[in-house]
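# A closer look at the structure
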Amino acid sequence: MTTDIKETTRPVDSTAVMGLLPSRPRLLALGEPTHREGALLDLRNELFRQLVEQEGYRTIALESDCLRGLLVDDYVTTGKGDLDSVLDLGFSHEWGELEANRDLVRWMRAYNEDRTAADQVRFAGADGPLEISGAESPRQALTALHGYLSDRVDPGLLPCTAEVLESLTGPDDRWTDPAAMMDPARSVGRSAEARELRLLADDLVALLGTQAPQLIAESTQDDWDRARLFGRTATGLLRYHFWLADASPGRMTWLLGVRDAMIAANLVSLAERGSMLAYAHNTHLQRGKSTMSMWDHPRLEWWGAGALVSAELGADYAFVATAVGTIRHQGVDTPPSDTVEGLLYRLPEDQVLVDPHRLAGVLGETPPAARVSPWHGYSGLDPAHLAQIDGLVFVKDVRQQPVPR
């Protein structure tokens, strides 16, 4: 069988990836099975560089705060700021400390140096200003959206003043209390002020829509895109906080779903302006239903961003997953021989691109076992998802890299 499996593989490069796809997708997503592994991020950087230079992709979106990402985009397109501060302030999840992300931002800035705005590669954060363990205050998004509208529309149309938003929002630490994840009663998401903010945010977004012809005519494309981003983020954050304060059995499914819906909306909006590349965890980008075990929830299920985007974009969405053999420094050793990872581990190459549809044919009607990871930070490949993957990058051994700066 190893010989048959080898025939489903090819080198990992942009030409091979595009060769697996029936057409050039507007949004090409590359997933990772674990976070913060430099070897996987280096592979991402090289593949994305090729796809930008050879295939004309012009936006790179990462699983990072969409508002912070605006600082990175300003830097790579105009040189505004300095690299260290942009990395510190422009990424969430502490991604800015990773050397591979520094390399990516540095390369994007160098690539754009002598190019026209139309030919530059743009950066974006695809995630909301949140992590599953908490969420930011809606202040920044609400204030920015209100400011955009107050500069351009009849003041009498605004549903409130900036001072009202400030008063209702209150101190940011009311919203960011980490204890709220484990104790819904600690969340302010269902307070009278939060409920009023949800209504006002909805009206501000509605005003953005009803005044669109005028606003588009009087705005640059970037200003209009950012105003829509502020609106999506404000309503999404307030919805997330609302469910953070919920005590029903559906609470965690709602939180996971709201986060991925925010990612999906950001990706679809970014794809409107041209072809783009996205990088996030496989769980966010896969077409199949996502699952997770967490605390007292043995199995949570929800539709991830990839499933939502695929439903909307159809053939304009493609997903390449990544699986690995070992991450020995995290206790992930040689995969069992009856798993997809175990079968691929027998190949001599350090990394390969696999045609998942041909691989499924080789494996036959009885799929391999699902790999159970001994480390919570790594998610094994679900063999049932092979038919819904456009490409599979397999890295045999993920070796530990030096500690980030």
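Residues numbered from 1 in each chain as written. Predicted model: local features only at pLDDT ≥ 70, side-chain atom pairs only at ≥ 80, totals over all residues. Heavy atoms only, no water.

In the annotation of an unreviewed UniProt entry, the chain is listed under the name Erythromycin esterase family protein and assigned to Promicromonospora vindobonensis.

## Things to note about the overall build of the chain
Counting secondary structure elements, the chain contains 16 helices and 12 strands. Expressed along its principal axes, the backbone C-alpha trace of the chain runs to roughly 70 × 55 × 40 Å. For the chain, the accessible surface area stands at approximately 17,300 Å², while carbon and sulfur atoms represent 52% of it. Of note, the chain has its 39 positive side-chain charges centred 2 Å away from the centre of its 59 negative side-chain charges. (Helix = DSSP H or I, 4+ residues; strand = E, 2+ residues; numbered from the N terminus. Areas by Shrake-Rupley, 256 points an atom, 1.4 Å probe, with all protein chains shown as cover. Lys, Arg positive; Asp, Glu negative; His and termini not counted. Charge placed at Lys NZ, Arg CZ, Asp CG, Glu CD.)

## Overview of the nonpolar core
With 48 residues, the main nonpolar core has Leu-28 and Ile-60 as its most contacted residues. For this core, the element with the highest residue contribution is helix 3 (residues 38-55), accounting for 7 residues. Apart from residues lying up to four places away in sequence, Leu-28 is in contact with Val-17, Met-18, Leu-21, Leu-51, Tyr-57, Met-276, Leu-277, Ala-278, Ala-318 and Val-320. Counting residues in each nonpolar core, the second largest holds 36 residues, with Leu-270, Val-309, Leu-344 and Val-354 among its members. (Core = buried A, V, L, I, M, F, W, Y, C linked by side-chain atoms within 4.5 Å. Buried < 20%, exposed > 50% of the residue type's maximum accessible area, 1.4 Å probe, protein only. Contact = heavy atoms within 4.5 Å.)

## With respect to helix 11 (residues 221-244)
The end-to-end C-alpha distance of helix 11 is 34 Å, a good match for the 34 Å that 24 residues give at a rise of 1.5 Å each. With respect to burial, helix 11 is a largely interior element, 17 of its 24 residues being buried. (Expected span 1.5 Å × (residues − 1).)

## Focus: the packing of helix 7 (residues 139-150) against helix 9 (residues 192-210)
Two numbers describe how helix 7 lies on helix 9: the axes approach to 11 Å, and their chain directions differ by 40°. The angle between helix 7 and helix 9 places the two elements in the oblique class. The two elements helix 7 and helix 9 cross, and the hand of that crossing is left-handed. In this structure, helix 7 uses Leu-142, Leu-145, His-146, Tyr-148 and Leu-149 to contact helix 9, whose residues at the interface are Leu-197, Ala-201, Leu-204, Val-205, Leu-207 and Leu-208. Partitioning the contact of helix 7 with helix 9 into residue classes produces 10 nonpolar, 1 polar and no charged. (Axes fitted to C-alpha atoms, helices over the stretch in contact; angles between N-to-C directions. Parallel < 35°, antiparallel > 145°, perpendicular 65-115°, else oblique. Left-handed = near helix turned anticlockwise from the far one by under 90°. Nonpolar A, V, L, I, M, F, W, Y, C, P; charged D, E, K, R; others polar.)

## Here we look at the pattern of salt bridges
One pass over the full model with this rule turns up 27 salt bridges. Arg-49 serves as the salt-bridge partner of Glu-46, at 2.5 Å between the closest nitrogen and oxygen. Pair noted here: Glu-46 and Arg-49 are both in helix 3, with a separation of 3 residues, about one helical turn. Overall, Arg-49 belongs to the partly exposed group, its relative accessible area being 25%. In this structure, Arg-49 engages Glu-53 in a salt bridge whose closest nitrogen and oxygen atoms are separated by 2.6 Å. You can see Arg-49 and its partner Glu-53 sitting in helix 3, 4 residues apart, about one turn around the helix. Residue Glu-53 is classed as partly exposed on the basis of its relative accessible area of 41%. (Salt bridge = Lys/Arg side-chain N within 4 Å of Asp/Glu carboxyl O.)

## Re the packing of helix 9 against helix 11
Remark: helix 9 packs on helix 11, axes separated minimally by 10 Å, with the N-to-C direction vectors making an angle of 155°. As far as their axial angle goes, helix 11 and helix 9 are roughly antiparallel. Relative to helix 11, the crossing made by helix 9 is left-handed. Mapping the contact onto sequence places Ala-194, Arg-195, Leu-197, Arg-198, Ala-201, Asp-202, Val-205 and Leu-208 in helix 9 and Trp-224, Ala-227, Arg-228, Gly-231, Thr-235, Leu-238, Arg-239 and Phe-242 in helix 11.

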